[in-house]
Amino acid sequence: MTGNTLKTVFMGATAAVALNAGAASAQEVTLRLHQFLPAQANVPRLVLDVWADNVERDSGGRIEIERYHAMALGGTPPELMDQMLDGIADIIWTVNGYTPGRYPQTEVFELPFFVADARAASSALWQMYDEHMREDFAGVHMLGAWVHGPGMFHTSTPVSVPADLQGMKIRGGSRMVNDLLTLVGAEPVGLPVTGIPEALSRGVIDGTTIPWEVTGSLRVQELVENHTEMEGTGLYTLTFSFAMNQDVYDGLPADLQEVIDNNSGLEFSIFAGGTQADADAPARAAAVERGNTIVTVSNEDAEQWAEVVQPIYESWVADMDSRGLDGQALIDQARDLMADYESTH
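Chemist: Quick question: what am I supposed to make of the overall build of the protein chain here?
Modeler: Counting its regular elements, the protein chain contains 14 helices and 11 strands. Taking the principal axes of the C-alpha coordinates as reference, the protein chain spans close to 65 × 45 × 35 Å. Out of the 345 residues belonging to the protein chain, those deemed buried represent 55%. Taking as baseline every contact in the protein chain between residues at least 6 positions apart, the subset at least 24 positions apart corresponds to 76%. When the accessible surface of the protein chain is split by element, carbon and sulfur atoms take 47% of a total near 13600 Å². Measuring between centres, the 18 positive side-chain charges of the protein chain sit 7 Å from its 49 negative side-chain charges.

Chemist: Just to check I follow, could you spell out the sheet that holds strand E8 (residues 207-211) for this structure?
Modeler: Paired through backbone hydrogen bonds, the strands of a sheet run either parallel or antiparallel to each other. Taken in spatial order, the six strands line up as E7-E6-E8-E5-E9-E11 in an open sheet, and their pairing is mixed. The open sheet has two edge strands, strand E7 (187-190) and strand E11 (293-297), and neither has a second partner. Looking at each pair of strands side by side, their axes are set apart by 30° on average, direction ignored. Alignment of strand E5 (residues 151-155) against E8, held across five bridges, turns out to be antiparallel. Considered in E8, the bridge of Phe153 is made with Thr209. Strands in contact with helix H11 (residues 280-289) are E8, strand E9 (226-230) and E11; relative to E11, the strand with the most contacts, it is inclined by about 130°. The sheet strands contacting helix H12 (residues 299-309) are E5, E9 and E11, and the helix crosses E11 at an angle near 80°.

Chemist: I tried to follow the pattern of salt bridges on my own but got confused; where do I start?
Modeler: If the charged atoms of two oppositely charged side chains come close together, the side chains can form a pair. Considering all chains together, one arrives at 15 salt bridges under this definition. Of the charged contacts, one joins Arg175 and Glu107 as a salt bridge, the two residues approaching to 2.7 Å between their closest N and O atoms. Of this pair, Arg175 sits in helix H5 (residues 175-183) while Glu107 sits in the loop between strand E3 (91-95) and helix H4 (118-133), and the two are 68 residues apart along the sequence. Glu107 sits in the buried class, given a relative accessible area of 4%. Arg284 is the salt-bridge partner of Glu229, the closest N and O atoms lying 2.8 Å from each other. Of this pair, Glu229 sits in strand E9 while Arg284 sits in helix H11; the two residues are 55 residues apart in sequence, bridging distant segments of the chain. Judged by relative accessible area, which is 30%, Arg284 ranks as partly exposed.

Chemist: Explain the sheet that holds strand E10 (residues 239-245) to me, please; I cannot follow it from the model alone.
Modeler: Spatial strand order, E2-E1-E3-E10-E4: five strands in an open sheet with mixed pairing. Looking at the sheet topology across the chains shown, the edges are occupied by strand E2 (63-68) and strand E4 (140-147). Neighbouring strand axes in the sheet, compared pairwise and without regard to direction, differ in orientation by 20° on average. Note: strand E1 (residues 29-34) against E3, two bridges, orientation parallel. Looking across to E3, one finds that Leu33 is bridged to Ile91. Taken strand by strand, helix H10 (residues 266-278) contacts E4 and E10, and its axis lies near 40° from that of E4.

Chemist: Looking at this structure, I do not really get the side chain of Thr94. What am I missing?
Modeler: Within the fold, Thr94 resides in strand E3. Exposure remark for Thr94: the relative accessible area of 4% places this residue in the buried category. With sequence-adjacent residues up to four places away left out, Thr94 is seen in contact with Phe36, Pro77, Leu80, Met81, Thr239, Phe240 and Ser241.

Chemist: I keep staring at helix H13 (residues 311-322) and nothing clicks. Help me out?
Modeler: Helical periodicity: at 3.6 residues per turn, an α-helix aligns residues three or four positions apart in one direction. Compared with an ideal rise of 1.5 Å per residue, which puts 12 residues at 16 Å, H13 spans 17 Å between its outermost C-alpha atoms and is within 8% of the ideal. Where H13 is concerned, the buried positions are Ile312, Tyr313, Trp316, Val317, Asp319 and Met320. One side of H13 carries all its buried residues, which in axial view fall inside an arc of 160°. Structural note: H13 exposes Glu314 and Ser322 on the side pointing more than 90 degrees away from its buried face. Looking at the packing, one finds that the buried side of H13 touches H5, H12 and helix H14 (327-344).

Chemist: Any chance you could explain the nonpolar core here in plain terms?
Modeler: A general tendency of soluble globular proteins is for nonpolar side chains to be buried together. Ranked by internal contacts, the top residues of the largest apolar core, which has 103 residues, are Trp51, Val108, Phe109, Phe114, Trp146 and Phe242. Among the elements that make up this core, the one with the highest residue count is H4 (nine residues).

Chemist: I'm lost on the environment of Leu33 in this one. Help?
Modeler: By the element assignment, Leu33 lies in strand E1. Distance in space between the C-alpha atoms of Leu33 and Ala285 is 31 Å, their sequence separation being 252 residues. The residues touching Leu33, leaving out its near neighbours within four places in the chain, are Leu48, Trp51, Ile65, Glu66, Arg67, Tyr68, Ile91 and Phe242.

Chemist: Explanation requested: the environment of Met320 in the structure shown.
Modeler: Within the element layout of this structure, Met320 appears in helix H13. Considering only alpha carbons, one finds Met320 and Pro104, 216 residues apart in sequence, at a separation of 7.5 Å. If we skip the residues at most four places from it in the chain, Met320 touches Pro104, Glu107, Arg175, Leu325, Gly327 and Leu330.

Conventions we followed
- Residues numbered from 1 in each chain as written.
- Predicted model: local features only at pLDDT ≥ 70, side-chain atom pairs only at ≥ 80, totals over all residues.
- Heavy atoms only, no water.
- Helix = DSSP H or I, 4+ residues; strand = E, 2+ residues; numbered from the N terminus.
- Buried < 20%, exposed > 50% of the residue type's maximum accessible area, 1.4 Å probe, protein only.
- Contact = heavy atoms within 4.5 Å.
- Areas by Shrake-Rupley, 256 points an atom, 1.4 Å probe, with all protein chains shown as cover.
- Lys, Arg positive; Asp, Glu negative; His and termini not counted.
- Charge placed at Lys NZ, Arg CZ, Asp CG, Glu CD.
- Pairing = 2+ DSSP bridges.
- Axes fitted to C-alpha atoms, helices over the stretch in contact; angles between N-to-C directions.
- Salt bridge = Lys/Arg side-chain N within 4 Å of Asp/Glu carboxyl O.
- Expected span 1.5 Å × (residues − 1).
- Arc of directions from axis to C-beta.
- Core = buried A, V, L, I, M, F, W, Y, C linked by side-chain atoms within 4.5 Å.

Shown next as structure tokens:
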């Protein structure tokens, strides 16, 4: 399906919260949606606002979704999930890796050189969440779970081989990415994505790991002139949760719960991940237009990178096993589900 078709098919529902336990089903309600990117960034503009607009439309005026961009309700990006659980916001969008180790099973999709297609991985992530991750997200009514397009390097000096990163301070968005950076000889700096522009402009970091699509809203193409992408399978991905407070959902009348359910889940997750990945191309084109240097590591040359970061697989499986989870089984299931999607689309 096209992105426009998905917007029509998968977003025809509403999310609302009763103002009190005895509220009538026709009552107008307001939900607060909180997230960390500026309003003009791709995810708010192309995914979250589209979802919210259609929810409002399909509610027939019964619901309003207040959109709070760029942490307008206060706090920091790593606090978003707790803000939703504590009732500061009703719905949030966040990076699971901002709270390292809290949602360990989702990290399987953050393994290096693991994800080739964001739609396939988003499909697999939702299915795995639905099957055996729900207990990890207690108190959460998940609306969507997805990944971005290929993660890559954006640096002050060109990077072609792992040795080029030796001693460089590079921002990483999760513990898995930070492990990758350490193995290639860089010094990982943990920062939410919103901290990247200031850190680059002040020279606190020499570069960052993010996908193409978010570089425009963060002015990354202006702050560094070198970008390193991988041919084929991406260097890494991060996972996202678009989530609603479970008690808020439970307090809705049955017809509004049904509307939420119709707008959430597998197909919405595929739409969201695919839309985010599709936004990579225009951002890349903007860097080309500026005359920036783009290094594309071939599949053959990427083998050197993959060999260096291979220990992450072994350490992650051991970590999962120590938590009572079967790490290798998670890897195998994710691979099988991604392959199933790719074989049918």
